[in-house]
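Fold and contact review
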Amino acid sequence: MKKTILLLGWLLAACPVAFGQTHYLESLILENQRVTKTGNKVTVSADIRMDGMDLDRQQSVRLVPVIVSADGTQQKELAPILVEGKVRSKVTARKLALGDMTEEEGTLRIRRENGQAQTIEYSTEVPFSRWMVNGRLELRGYVTGCAGCSEGDEILTAGEVLPYREPEFTLATAMQPAEEQVKRRAEDKSARLEYRRDSYAVLPEYRTNRAELDSVQHSLALVKDNPNLTITGIYITGYASPEGSMTYNERLSQRRAQTFADYVRQHNRELKKELWHVAWKGEDWDGFHRQVEQASGWEKRQDVLQILEGCEGSQDDCEKQIRASLSREDYQYLLDELYAPLRRNDYRIEYTVRNFTPEEARQMLETRPDLLSAAEMQRVADGYGHGSENYRKALRTALRTYPDNVVIRHNLALAEVEAENYAEAITLLKDTKDGASLNLLGVAYFKSGNRQQAVQAFGQAVQAGYAQAAGNGEAVKAALELLGE
């Protein structure tokens, strides 16, 4: 077992007498004194030099070391030492020989030879109790005269016992997120236009097409009309549902993507031709699989999923197999509810965002945080003052916007630890893989009272490459040993 060692600065000659008429204790000098904890045992040892003690021949001094709790409510007397003058020693020896008295178990009896150098090599062991931590050691002296009468008591405070101090942890300070050299953003949307059978013409007034086309135009307008944004590309991809042949659906998805792009481009002529990019994918079988999985109320769901899992080779054959397995009613459900979402044009609007001043960024944080970089958000937070509630509020917004940003998460967790919001910090960091953040997690666990979890987190931080966590882990292990946990 690891030993926790406390070197006590016992220079008793310098300690004042607490009460009583005798002054024997102040003539003692203690050397090589130690209080050690090994497992569940506490050992107190010292060399007690009595060179300066001039003890009356008729008197004895009973020295009792006592461990006292920090609040004074509990104490433990240690093995006593009986120091006797020459005459008193002879009287005691005679009484012991005659059986007129018994010696207290564990007592170390010493005959004082005045004027000579004498050293008592004292060592005793007692069970550890949690209350001893941060306690004090007292040396109590009880002087007895020739008639066995008390002739004075003395108490000296000899120092601390097993002092415990909260570990001083090594922590990474708040960091700065990496700057985005170019802030690139994108809007991903889908347009589900309805077409007449075997047609690819865009008919604005056909069924729900007007609302769908208006939504597309609105999405474009939000980007192109914003002076802070610059469109860098518009990417349109056409898809078809599986009914019919793959060759036919490939051409159909191409033509529908092209006519859709032409229609939107005609209504946004100010956008340069080179910004537009059109592609097509044909039948969307991955999307179909997802649609079937989500159709939890359809009684044929499991049958179709089983066919999909076993489909190999031609997708046309797979589609025919699915169709043949369904009743007319179920196949119509498949066409209307599961295939319909697959007949679509996905479009992606890519753009860049200009950089903002700190004041602009502060306003944008409330309205369009997605247009700010993580570094801009950090500067907004820093402007409120590290550790303030607004600092943490800004970083919470930043983390919602960039949930995978390790630096933002670390900085927010650090602020929560400093605010003693340890549960919040643990929630933020419990799934982290970053070494510095795992180290911070260890601190949060320790501060919240989860010391064993703290040791584990510090160990994980070391494994993740954060070497400074090793010292933190050792400090916690030492604290656990001292506290008996």
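Residues numbered from 1 in each chain as written. Predicted model: local features only at pLDDT ≥ 70, side-chain atom pairs only at ≥ 80, totals over all residues. Heavy atoms only, no water.

Examining the pairing of strand β7 (residues 108-111)
- By the bridge criterion, four bridges tie strand β6 (residues 81-84) to β7 in an arrangement that is parallel. Bridged to L82 within β7 is R109.
- Where the polypeptide runs from β6 across helix α1 (residues 86-98) and back to β7, its parallel neighbour, the crossover connection is right-handed. (Pairing = 2+ DSSP bridges. Helix = DSSP H or I, 4+ residues; strand = E, 2+ residues; numbered from the N terminus. Right-handed = clockwise from strand over helix to strand, strands pointing away.)

Looking at the packing of aromatic side chains
- Inspection of every chain in the model, using the stated rule, returns six aromatic pairs.
- Residues F169 and F446 carry aromatic rings whose centres are separated by 5.3 Å and whose planes lie at 75° to one another, so their mutual orientation is edge-to-face. Linking F169 in the loop between β10 (150-161) and β11 (183-191) with F446 in helix α13 (residues 435-447), this pair joins segments that are 277 residues apart in sequence. Like F446, F169 is buried.
- Through a chain of ring-to-ring contacts, the aromatic side chains of F169, F446 and F458 assemble into a single cluster.
- A cation over an aromatic ring shows up here: K37 above the ring of F128, its NZ or CZ 4.6 Å from the ring centre.
- Geometry around Y239 places R344 over its ring, the cationic atom sitting 4.1 Å from the centre. (Phe/Tyr/Trp six-rings, centres within 6.5 Å; stacked < 30°, edge-to-face > 60°. Buried < 20%, exposed > 50% of the residue type's maximum accessible area, 1.4 Å probe, protein only. Lys NZ or Arg CZ within 6 Å of the ring centre and 35° of its normal.)

What to know about the nonpolar core
- The biggest cluster of nonpolar side chains holds 107 residues, and the ones touching the most others in it are I67 and F260.
- Of the residues forming this core, the biggest block, eight residues, is contributed by α13.
- The residues touching F260, leaving out its near neighbours within four places in the chain, are A191, L193, V202, L213, V216, I236, N345 and Y347.
- In this structure, W285, I307, C318 and L326 belong to the second largest nonpolar core, which totals 18 residues. (Core = buried A, V, L, I, M, F, W, Y, C linked by side-chain atoms within 4.5 Å. Contact = heavy atoms within 4.5 Å.)

Digging into unusual backbone geometry
- The backbone of N32 sits at a positive phi, close to 55°, despite the residue not being glycine.
- Looking at where N32 falls in the secondary structure, it is placed in strand β2 (residues 29-38).
- For N32, a relative accessible area of 56% puts it in the exposed group.
- Backbone geometry places E420, a non-glycine residue, at a positive phi of 65°.
- Take E420: it is sitting in the loop between α11 (406-418) and α12 (422-429).

Details of the sheet that holds strand β13 (residues 276-283)
- The four strands lie next to each other as β11-β14-β12-β13, forming an open sheet whose pairing is mixed. Where the open sheet ends on each side, the last strands, each with one partner, are β11 and β13. In this sheet, adjacent strand axes meet at a mean angle of 20° when their direction is disregarded.
- As defined by bridge partners, β11 adjoins strand β14 (residues 344-353) across nine bridges and the pair is classed as antiparallel. Looking at β14, one finds that K189 is bridged to Y347. (Axes fitted to C-alpha atoms, helices over the stretch in contact; angles between N-to-C directions.)

Structural notes on the environment of N411
- As for its position among the elements, N411 is in helix α11.
- Classification of N411 as buried rests on a relative accessible area of 0%.
- Spatially, the C-alpha atom of N411 lies 5.2 Å from that of A174, the residues being 237 residues apart in sequence.
- Residue contacts for N411: discarding those within four places in its chain leaves A174, M175, Q378, Y391 and L395.

A short note on the side chain of R140
- Within the element layout of this structure, R140 appears in strand β9 (residues 135-144).
- Its relative accessible area of 12% is what places R140 among the buried residues.
- In this structure the side chain of R140 is engaged in a polar contact, spanning 3.1 Å, whose partner is the side chain of Q75.
- Among the polar contacts made by the side chain of R140, one reaches the side chain of E138 at a distance of 2.9 Å.
- The residues contacting R140, other than those within four sequence positions of it, are L25, R62, L63, V64, V66, V68, Q75, E154 and I155. (Polar contact = N/O pair within 3.5 Å; in protein donor to acceptor, adjacent residues only side chain to side chain.)

Any functional reading would require information beyond the geometric quantities listed.
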